[in-house]
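# Structural overview for review
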Amino acid sequence: MPRVFLIDTDTASDDAVAIIMALRATDVRVAAITTVAGNVPAEQATRNALYVAEICGVDVPVYSGCTSPLWRRYEDATWFHGKDGLGDRGYPPPKRSPETAQAVAAIIDTVQSNPGIEIVTLGPLTNVALALKQEPKMAANVSRCVVMGGNPCCEGNVTPAAEYNMWVDPEAARIVFRSGLPIELVGWHLSRF
């Protein structure tokens, strides 16, 4: 029986690789991809997620999510990933459109429909935080929440003290880390080499 993933992403080049790995893994079924503003605006992150699923030949539902952090001004990382988040290589637009439901609702529904699901977060935690605020009991249905972010034992990639995903929406990170989710943090120190 495959492991079931929900991937929440701000789909730039690094996230695209992670999504491809999950979609190609024979022991994983990706139930949904939700997008959030981070490396690129949410609309571009959604377009990139649809494109990645398309090149993998997988018809996974993609839901567009939060366009800004909970309380702070949004700052993207297009200075690093390019305006399109994929290095400005001119990839064609995806053929599919995102689902009509919003990412926060999709997270709640997907977790409730798949007890034991694993949530993989690759961007700021805004969508997941709002889902937990709306449905705090959903944490009990998650067997594992892998968070790509933070810098527990090294300098950050935005400031000496901050890794980008946590820096963009630290208030959302606080909500997620205090939610009771079984979190496994994959920090910047593991992602940079």
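Here, every reference points to the structure presented above.
What comes next is a walk through the structure. Predicted model only: the values in this text are computed from it and were never measured.

Let's shift gears to the overall build of the protein. On a plain count of helices and strands, the protein comes out with eight helices and six strands. Taken from the N to the C terminus, the helices and strands of the protein come in the order β-α-β-α-β-α-α-β-α-β-α-α-β-α. The dimensions of the protein, computed from C-alpha atoms along their principal axes, are 40 × 40 × 30 Å. Taken across its 193 residues, the protein has 51% of its residues classed as buried. Sequence separation of 24 or more characterises 81% of the internal contacts of the protein that already satisfy a separation of 6 or more. Accessible area for the protein stands at about 9300 Å²; split by element, carbon and sulfur atoms hold 54% of it. In the protein, 16 side chains carry a positive charge and 21 a negative one; their mean positions are 2 Å apart.

With respect to burial, strand 1 (residues 3–9) is a largely interior element, six of its seven residues being buried. Direction of pairing for strand 1 relative to strand 2 (residues 28–35): parallel, over a ladder of seven bridges. Bridge assignment links Asp8 to a residue of strand 2, and that residue is Thr34. After leaving strand 1, the chain enters helix 1 (residues 13–24) and then returns to the sheet as strand 2, a path that is right-handed. With four bridges joining them, strand 1 and strand 4 (residues 117–121) adopt parallel strand pairing. Paired with Phe5 across the strands is Glu118, a residue of strand 4.

Here we come to the packing of helix 5 (residues 126–134) against helix 7 (residues 170–177). For the pair helix 5 and helix 7, the least separation of the axes is 8 Å and the interaxial angle reads 50°. Overall, the two elements helix 5 and helix 7 adopt an arrangement that is oblique. The handedness of the crossing between helix 5 and helix 7 is left-handed. Taken together, the residues of helix 7 that come into contact with helix 5 (itself represented by Thr126, Val128, Ala129, Leu132 and Lys133) are Ala172, Ile175 and Val176. Among the residues forming the contact of helix 5 with helix 7, the class breakdown is six nonpolar, one polar and one charged.

Turning next to the environment of Gly87. Structurally, Gly87 is set in the loop between helix 3 (78–81) and helix 4 (103–113). On the basis of relative accessibility, which here comes to 42%, the residue Gly87 falls in the partly exposed class. Between the C-alpha atom of Gly87 and that of Ala105, which follows or precedes it by 18 residues, the distance is 31 Å.

Turning our eyes to something else, we now look at the sheet that holds strand 5 (residues 142–148). The strand order 3-2-1-4-5-6 describes an open sheet built from six strands, whose pairing is parallel. The open sheet has two edge strands, strand 3 (62–63) and strand 6 (183–186), and neither has a second partner. In the packing of helix 4 onto the sheet, the strands contacted are strand 1, strand 2, strand 3, strand 4 and strand 5, and the crossing angle to strand 2 comes to about 155°.

In this section: the packing of aromatic side chains. The full count for this structure, using the stated rule, is two aromatic pairs. Centroid distance Tyr164 to Trp167: 6.1 Å. Interplanar angle 40°. Geometry classified as tilted. Of this pair, Tyr164 and Trp167 both sit in helix 6 (residues 164–168), three residues apart, which is roughly one turn of the helix.

A few words now on the pattern of salt bridges. A complete count under the given rule lists eight salt bridges for this structure. Between Arg3 and Asp27 there is a salt bridge, and its shortest N-O distance comes to 3.8 Å. Placement of the pair is Arg3 in strand 1 and Asp27 in the loop between helix 1 and strand 2, with a sequence separation of 24 residues. One continuous salt-bridge network, built from bridges that share partners, spans Arg3, Asp27, Glu118, Arg144 and Glu184.

The rules behind the values
- Residues numbered from 1 in each chain as written.
- Predicted model: local features only at pLDDT ≥ 70, side-chain atom pairs only at ≥ 80, totals over all residues.
- Heavy atoms only, no water.
- Helix = DSSP H or I, 4+ residues; strand = E, 2+ residues; numbered from the N terminus.
- Buried < 20%, exposed > 50% of the residue type's maximum accessible area, 1.4 Å probe, protein only.
- Contact = heavy atoms within 4.5 Å.
- Areas by Shrake-Rupley, 256 points an atom, 1.4 Å probe, with all protein chains shown as cover.
- Lys, Arg positive; Asp, Glu negative; His and termini not counted.
- Charge placed at Lys NZ, Arg CZ, Asp CG, Glu CD.
- Pairing = 2+ DSSP bridges.
- Right-handed = clockwise from strand over helix to strand, strands pointing away.
- Axes fitted to C-alpha atoms, helices over the stretch in contact; angles between N-to-C directions.
- Parallel < 35°, antiparallel > 145°, perpendicular 65-115°, else oblique.
- Left-handed = near helix turned anticlockwise from the far one by under 90°.
- Nonpolar A, V, L, I, M, F, W, Y, C, P; charged D, E, K, R; others polar.
- Phe/Tyr/Trp six-rings, centres within 6.5 Å; stacked < 30°, edge-to-face > 60°.
- Salt bridge = Lys/Arg side-chain N within 4 Å of Asp/Glu carboxyl O.

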